[in-house]
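Structure assessment
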Amino acid sequence: MSVDDLDGQVIAGTRATTTEIDLHLACLRRYPEIGAVLHTHAVHASIFAVTQKPIPCVLEEFEYYVGCDVPVAPYHGTGSGELGESVAALLGDRAATLIANHGLVVVGRSPEEALRLINLVERAARGH
Ligand SMILES: [Zn+2]
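Rules of the game
Residues numbered from 1 in each chain as written. Predicted model: local features only at pLDDT ≥ 70, side-chain atom pairs only at ≥ 80, totals over all residues. Buried ≥ 20, exposed ≤ 12 C-beta atoms within 10 Å, placed from the backbone. Helix = DSSP H or I, 4+ residues; strand = E, 2+ residues; numbered from the N terminus. Pairing = 2+ DSSP bridges. Core = buried A, V, L, I, M, F, W, Y, C linked by C-beta atoms within 7 Å. Contact = placed C-beta atoms within 7 Å.

1. Some details on the pairing of strand β6 (residues 103-108)
- Most of β6 sits out of view: 5 of its 6 residues are buried.
- Note that strand β3 (residues 36-40) and β6 share 5 bridges and pair antiparallel. Looking at β6, one finds that Leu38 is bridged to Val106.
- Relative to β6, strand β5 (residues 96-99) runs antiparallel, the two sharing 4 bridges. Within β6, the position partnered with Ala96 by the bridge is Val106.
- The turn joining β5 and β6, which pair antiparallel and follow one another in sequence, is formed by 3 residues; a positive phi near 60 degrees is taken by Asn101.

2. Examining the nonpolar core
- Val87, Ala96, Leu98, Val106 and Val121 are the most contacted members of the largest nonpolar core, which totals 30 residues.
- Within the residue set of this core, elements represented by two or more residues are α1 (21-30), α2 (43-51), α3 (60-66), β4 (72-73), α4 (81-90), β5, β6 and α5 (111-126).
- For this core, the element with the most residues is α5, which contributes 5 residues.
- If near-sequence neighbours (up to four positions away) are discounted, Val121 is found in contact with Ala45, Ile55, Val66, Val70, Ala96, Leu104 and Val106.

This is how it looks when you write it as structure tokens:
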């Protein structure tokens, strides 16, 4: 893992920065109150991403923690600035969004909270 500042400069770690650094930075810059951006290719959420269908908000806890349904950001190439901006734009009133033909992005106040949200979204996607 690498640790990068908000300009995308590596400040710690021994691994190369993710190719999706612009995705993470776009979210962190737009919403300074969040403390973590997690991106995954979780199987069930990715099925919704591939079919470009939002994950419906059918669980009470889902509305409470995620905000509502999980929308689908339009496809842009991995690592592109357009991808980051389109994802960040959808996170204003919810904590998760899908990326068309790609995967899932979740934000939280901490990495632990974001990880719990990934598990919640994946469980909801699996149930449909
Ligand atoms: Zn990805």
